[in-house]
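Residue-level structure breakdown
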Amino acid sequence: MNTTEQKRRLFEVVGENPRAHLSPYCWRSRMALAHKRLKFASTPWHITEKQRIARSDGVTAPVLVDGGTWVRDSWQIACYLEETYPDYPLFDGAAGKAKALFVNKWADNALHPLIFPAVIAEQFPLTAQCDKAYYEERTKRKFKQSVEEIGADPEPARAAVLKALGPLESTLANVSFLGGGAPDYADYILFGTFQWVRVVSHRPFWSSDSALHRWFEALLDAFEGMGRAQPPRNEL
Ligand SMILES: N[C@@H](CCC(=O)N[C@@H](CS)C(=O)NCC(=O)O)C(=O)O
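Owing to the predicted nature of the structure, the values given are computational and were not obtained by experimental measurement. (Residues numbered from 1 in each chain as written. Predicted model: local features only at pLDDT ≥ 70, side-chain atom pairs only at ≥ 80, totals over all residues.)

1. Side note on the nonpolar core
- In this structure, Ala32, Ala61, Tyr185, Ile189, Phe191 and Val197 are the most contacted members of the largest nonpolar core, which totals 51 residues.
- When residues of this core are traced back to their parent elements, those giving at least two are strand E1 (8–13), helix H2 (24–35), strand E3 (63–66), helix H3 (74–84), helix H4 (93–123), helix H6 (147–151), helix H9 (185–200) and helix H10 (211–225).
- Counting residues per element, this core draws most heavily on H9, at 11 residues.
- In terms of domain composition, this core takes at least three residues from each of domain 1 (9–84) and domain 2 (93–227).
- If near-sequence neighbours (up to four positions away) are discounted, Val197 is found in contact with Ile115, Val119, Pro204 and Phe205. (Core = buried A, V, L, I, M, F, W, Y, C linked by C-beta atoms within 7 Å. Buried ≥ 20, exposed ≤ 12 C-beta atoms within 10 Å, placed from the backbone. Helix = DSSP H or I, 4+ residues; strand = E, 2+ residues; numbered from the N terminus. Domains from an automatic or database assignment. Contact = placed C-beta atoms within 7 Å.)

2. Some words on the packing of H4 against helix H7 (residues 155–164)
- At their nearest, the axes of H4 and H7 sit 8 Å apart, and the two run at 150 degrees to each other. Judged on the interaxial angle alone, H7 and H4 are roughly antiparallel. As H4 packs across H7, the resulting crossing turns out to be left-handed. Between H4 and H7, the residues in contact are Ala110, Leu111, Leu114, Ile115, Pro117 and Ala118 and Ala157, Arg158, Ala160, Val161 and Ala164, respectively.
- Tallied by class, the residues present in the contact of H4 with H7 amount to 10 nonpolar, no polar and one charged. (Axes fitted to C-alpha atoms, helices over the stretch in contact; angles between N-to-C directions. Parallel < 35°, antiparallel > 145°, perpendicular 65-115°, else oblique. Left-handed = near helix turned anticlockwise from the far one by under 90°. Nonpolar A, V, L, I, M, F, W, Y, C, P; charged D, E, K, R; others polar.)

3. Section: the domain arrangement of the protein
- Under the domain assignment, the protein is made up of domain 1 (9–84) and domain 2 (93–227).
- For domain 1 and domain 2, the distance between their C-alpha centroids amounts to 18 Å.
- At the interface, 21 residues of domain 1 touch 23 residues of domain 2.
- Sorting the residues of the side of domain 1 that touches domain 2 by element identifies H2 and H3 as the ones contributing at least two each.
- Residue composition of the side of domain 1 that touches domain 2, by class: 12 nonpolar, seven polar and two charged.

4. A few points about the pairing of E3
- Across four bridges, E1 lies against E3 in antiparallel orientation. Bridging across to E3, Arg9 finds its partner in Val65.
- In this structure, E3 lies alongside strand E4 (residues 69–72), joined through four bridges in antiparallel fashion. Looking at the pairing, Asp66 lines up with Thr69 of E4.
- With antiparallel pairing between neighbouring strands as the criterion, E3 and E4 make up a hairpin whose turn holds two residues, including Gly67 at a positive phi of roughly 65 degrees. (Pairing = 2+ DSSP bridges.)

Laid out in structure tokens, this is it:
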């Protein structure tokens, strides 16, 4: 590990298998750093290890440590990187940033709550042993149902996800990326979402002739195949 990598670290959630990078938010930051051509060391983190990220003033990953600066939350990390390292912009100016913010909120507040019940039964076995009780307790508190109850019948949730993805599919049938001819941060936000699905679930939400498939495969290949180097569910 060289000095730059030691100084720049990204705390990323991993499962029991440390090769299981299963957080959609951490993938956003990973792609943003790669887009900026910034080297970093990945610091595997379990969601109960709150003490290790206490300096971030929060309890969630991703957390970026850049020299002496600690930044938490994937959106804040993207904004920090854009301001601190203006080369290779993540957003096309203020308009691009506004578009990405909408995509960020759509993913977090509309799409992820639909995907969660569709994949949780396959995801939970990958969860780190030390996180399992916390994860179950937090799920119960948040959704008033156990992991088992939520995951019992994924089919209605899958149908809801497919419906929600309609506008994204028809958009990508007309453009290469949400960034236009090349990906920008809006693409990385949604790449994070579907990389999460690829890591935790055996079942993709699209067929191989869809625009979403073409777009996702291109992003898996980006940055010398950084995303593709992540083993999918059936290899974990
Ligand atoms: N808004 C945050 C969400 C991050 C988040 O929820 N991360 C999860 C991992 S996927 C986490 O660290 N959870 C720990 C907990 O809920 O205690 C972001 O975009 O970074």
